[in-house]
Amino acid sequence: MPLYDCMLLVKPLVAKESVAELAGRVARRVYQRNGVVTDLKSFGTVQLGYGIRKLDGRHFQGQLMQMTMMVPPSFPQELHYLNKEDRLLRWLVVKHRDAVYGLEFINEDEGRNEMSGFRTKNDTSDVDEYDDDIDDYEYELEEE
């Protein structure tokens with residue numbers, strides 16, 4: 001199952017118990033689809049770059065929450081009920097593209113090739129042969 005982040009931006013005056021209940025509803029839906037919530041973060045009240053207009057006015061602040069979960073690929077379409085939620089300003093689901101998990105993570109080569117992207121001491125293809133001469137000349141001027 002792929003890894004997803006669900007970002008919830010809640011109105012600033014909503015009580016914390018109500019925000020927790022909203023996150024609990026999403027988590028119950030995840031568990032019903034045999035998914036797993038791997039992380040839940042609350043970033044508190046954040047200032048928005050622009051006002052979000054809702055029926056009760058324009059909001060320049062919001063409570064931001066991030067829920068990381070492993071769910072089937074069809075799960076994000078099931079969150080359409082959040083559109084009717086009055087407490088939410090915005091919500092967004094983002095898929096982790098390069099995440100390695102499950103059996104693929106266990107069967108990795110245990111990091112043997114992690115450092116392959118770095119140059120070794122013997123690799124001198126990018127080194128200019130005149131670099132050392134310039135440094136010596138600068139030191140000779142400073143000594144005089």
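Since the model is a prediction, treat every value here as computed from it, not as a measurement. Starting afresh in each chain, residues are numbered from 1 along the sequence in its written order. Predicted model: local features are reported for residues with pLDDT of at least 70 only, side-chain atom pairs are reported and counted for 80 or more only, and whole-chain, interface and lining totals are derived from all residues. Heavy atoms throughout the structure, all of them, feed into the side-chain values; hydrogens and water do not.

1. Thoughts on the nonpolar core
Part 1: Throughout, nonpolar core names a set of buried Ala, Val, Leu, Ile, Met, Phe, Trp, Tyr and Cys residues whose side chains join them through atoms within 4.5 Å. Three exposure classes are used, based on accessible area relative to the maximum for each residue type with a 1.4 Å probe and protein chains only: buried under 20%, partly exposed in between, and exposed over 50%. Judged by nonpolar contacts, the single largest core of 19 residues is most densely connected at M69, L79 and L82.
Part 2: Put simply, DSSP marks the helices as runs of H or I at least four residues long and the strands as runs of E at least two long, and each gets a number from the N terminus on. Sort the elements by how many residues they give to this core and helix α1 (residues 16-32) lands first, with 5 residues.
Part 3: Note on contacts: a residue pair is in contact if any heavy atoms of the two residues lie within 4.5 Å. Beyond its immediate stretch of four places on either side in the chain, L82 contacts L8, L22, V26, L88 and W91.

2. Quick word on the side chain of R87
Part 1: Its place among the elements puts R87 in the loop between β3 (57-70) and β4 (88-95).
Part 2: For R87, a relative accessible area of 17% puts it in the buried group.
Part 3: At 2.6 Å, the side chain of R87 forms a polar contact with the side chain of S18.
Part 4: For R87, the residues in contact, after removing those within four places along its chain, are V10, K11, V14, S18, E21, L22 and R25. A 3.5 Å cut-off defines polar contacts: any pair of N or O atoms within that distance qualifies, except that in protein one atom must be a possible hydrogen donor and the other a possible acceptor, and neighbouring residues in sequence count only when both atoms are side-chain atoms.

3. Considering the side chain of Q66
Part 1: Here Q66 lies in strand β3.
Part 2: Here Q66 falls in the buried class, since its relative accessible area comes to 12%.
Part 3: Looking at Q66, its side chain comes within polar contact range of the side chain of D5, at 3.1 Å.
Part 4: If we skip the residues at most four places from it in the chain, Q66 touches D5, C6, M7, D39, L40, K41 and F43.

4. Concerning the sheet that holds β3
Sheet strands pair by backbone hydrogen bonding; their relative direction is either parallel or antiparallel.
Part 1: Spatially, the 4 strands line up as an open sheet ordered β2-β3-β1-β4, and their pairing is antiparallel. Looking at the sheet topology across the chains shown, the edges are occupied by β2 (36-54) and β4. The average undirected angle you get between the axes of adjacent strands in this sheet is 20°.
Part 2: A pair of strands counts as paired when DSSP detects no fewer than two bridges linking them. Where strand β1 (residues 3-10) and β3 come together, 8 bridges link them in antiparallel fashion. Bridge pairing in β3 places V10 opposite Q63.
Part 3: The strands touched by α1 are β1, β2, β3 and β4; relative to β3, the strand with the most contacts, the crossing angle is about 35°. Here the axes come from fitting lines to C-alpha atoms, over the contacting stretch only for helices, and the angles between their N-to-C directions go from 0 to 180 degrees.

5. Some words on the pairing of β2
Part 1: Pairing of β2 with β3 involves 13 bridges; the strand directions are antiparallel. Looking across to β3, one finds that K54 is bridged to G57.
Part 2: Adjacent in sequence and paired antiparallel, β2 and β3 are bridged by 2 residues.

6. Digging into the environment of A23
Part 1: One can find A23 in helix α1.
Part 2: Between the C-alpha atom of A23 and that of L8, which follows or precedes it by 15 residues, the distance is 8.5 Å.
Part 3: Residue contacts for A23: discarding those within four places in its chain leaves M65 and M67.

7. Some remarks on the confidence of the model for the protein
Part 1: In the predicted model, the protein carries a mean pLDDT of 81, and the fraction of residues at 70 or more is 68%.
Part 2: A residue's pLDDT is the confidence the predictor assigns to it, expressed on a 0 to 100 scale. Mean pLDDT values over the elements of the protein span from 55, in helix α3 (residues 131-143), up to 95, in β3.

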